[in-house]
Amino acid sequence: MLIVSAWPPNQPRLPYSAQWALETLERSADSSPSILNCGGGGFASDVWNQIRADVLGRTLRCVRSADAAATGAAAMALAGIGAAGSIADAASRIVQFEREFRPDPARRGYHEVRMALLKDSYAATQDISRRHVTSVL
């Protein structure tokens, strides 16, 4: 599948795509958390975590566990066997955080401009991308 984009090649899009996804999730859940808990290999880089916090405008807390999925499974198991009242209760007992990244308000304007450019780029190339996808199906 070919995706056409007018986004500059030297500008990473991933944190802005995450922001767009977060906006969508927040609308559907009617909730906007101020702190995002995260874990796994994608959150190993302090530099990228700070960029994510700045783009998302949220504090990120990274879990200590090297295997966040196993920790989540353990929380579900504790709740499932009745050792915790809920998954949230179990998680609050076993999850430990090792790093926190707070957004830098001075960078907010820069990232808002980039986010608007991503959305404009998507809108401007949406028809072209659709034609590329349908031409290979």
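Residues numbered from 1 in each chain as written. Predicted model: local features only at pLDDT ≥ 70, side-chain atom pairs only at ≥ 80, totals over all residues. Heavy atoms only, no water.

## Examining the overall build of the protein
Here is step 1 of the chain: Counting its secondary structure elements, the protein contains five helices and three strands.
Here is step 2 of the chain: Going residue by residue from the N terminus, the α and β elements of the protein occur as α-β-α-β-α-α-β-α.
Here is step 3 of the chain: Relative to its length of 137 residues, the protein is extended, with a C-alpha radius of gyration of 19 Å against a globular reference of 14 Å.
Here is step 4 of the chain: C-alpha extents for the protein along the principal axes are approximately 55 × 40 × 30 Å.
Here is step 5 of the chain: Burial status across the protein gives 23% buried among its 137 residues.
Here is step 6 of the chain: Between the mean site of the 15 positive side-chain charges and the mean site of the 13 negative ones, the protein shows a separation of 3 Å. (Helix = DSSP H or I, 4+ residues; strand = E, 2+ residues; numbered from the N terminus. Rg over C-alpha atoms; globule rule 2.2 N^0.38 Å. Buried < 20%, exposed > 50% of the residue type's maximum accessible area, 1.4 Å probe, protein only. Lys, Arg positive; Asp, Glu negative; His and termini not counted. Charge placed at Lys NZ, Arg CZ, Asp CG, Glu CD.)

## A word on the packing of aromatic side chains
Two aromatic rings, taken as a pair, are described by how far apart their centres are and by the angle between their planes.
Here is step 1 of the chain: Enumeration over the complete set of coordinates arrives at one aromatic pair.
Here is step 2 of the chain: For the pair tryptophan 20 and tyrosine 122, a centre-to-centre distance of 5.3 Å together with 85° between the ring planes defines the contact as edge-to-face. Placement of the pair is tryptophan 20 in helix H1 (residues 14-29) and tyrosine 122 in helix H5 (residues 108-136), with a sequence separation of 102 residues.
Here is step 3 of the chain: Across the ring face of phenylalanine 43, the terminal group of arginine 52 is positioned such that the distance to the ring centre comes to 4.4 Å.
Here is step 4 of the chain: Taking NZ or CZ as reference, arginine 61 lies 4.0 Å from the ring centre of phenylalanine 97, over its face. (Phe/Tyr/Trp six-rings, centres within 6.5 Å; stacked < 30°, edge-to-face > 60°. Lys NZ or Arg CZ within 6 Å of the ring centre and 35° of its normal.)

## What to know about helix H2 (residues 46-56)
Here is step 1 of the chain: The complete set of buried residues in H2 reads Asn49, Arg52, Ala53, Asp54, Val55 and Leu56.
Here is step 2 of the chain: Once H2 ends, the next one or two residues include glycine 57, with phi positive near 65°.

## Observations concerning the confidence of the model for the protein
Here is step 1 of the chain: On average, residues of the protein score 87 in pLDDT, and 91% of them are at 70 or above.
Here is step 2 of the chain: Across the protein, strand S3 (residues 97-101) holds the top mean pLDDT of 95, while H5 sits lowest at 89.
Here is step 3 of the chain: The low-confidence segment residues 1-7, where pLDDT is below 50, has 21 contacts with residues more than four positions distant or belonging to other chains. (pLDDT = per-residue confidence, 0-100. Contact = heavy atoms within 4.5 Å.)

## Describing the pairing of strand S1 (residues 35-38)
Side chains on a regular strand alternate between the two faces of the sheet.
Here is step 1 of the chain: Residues Leu36 and Cys38 point to one face of S1 and are all buried, whereas Ile35 and Asn37, pointing to the other face, are not buried.
Here is step 2 of the chain: Pairing between S1 and strand S2 (residues 59-63): four bridges, direction parallel. Paired with isoleucine 35 across the strands is threonine 59, a residue of S2.
Here is step 3 of the chain: As for the winding sense of the linkage, the β-α-β connection from S1 through H2 to S2 is right-handed. (Pairing = 2+ DSSP bridges. Right-handed = clockwise from strand over helix to strand, strands pointing away.)

## A short note on the pattern of salt bridges
Here is step 1 of the chain: One pass over the structure, following the stated rule, counts ten salt bridges.
Here is step 2 of the chain: Residues aspartate 46 and arginine 99 are paired through a salt bridge, measuring 2.4 Å at the closest nitrogen-oxygen approach. Residue aspartate 46 is located in helix H2, and its partner arginine 99 is located in strand S3; the two are separated by 53 residues in the primary sequence.
Here is step 3 of the chain: According to the relative accessible area criterion, arginine 99 is partly exposed, its value standing at 22%.
Here is step 4 of the chain: With a shortest N-O distance of 3.7 Å, glutamate 98 and arginine 99 are connected by a salt bridge.
Here is step 5 of the chain: Residue classification places glutamate 98 among the partly exposed residues on the basis of a relative accessible area of 42%.
Here is step 6 of the chain: Via salt bridges that share partners, Asp46, Glu98 and Arg99 belong to a single interconnected network. (Salt bridge = Lys/Arg side-chain N within 4 Å of Asp/Glu carboxyl O.)

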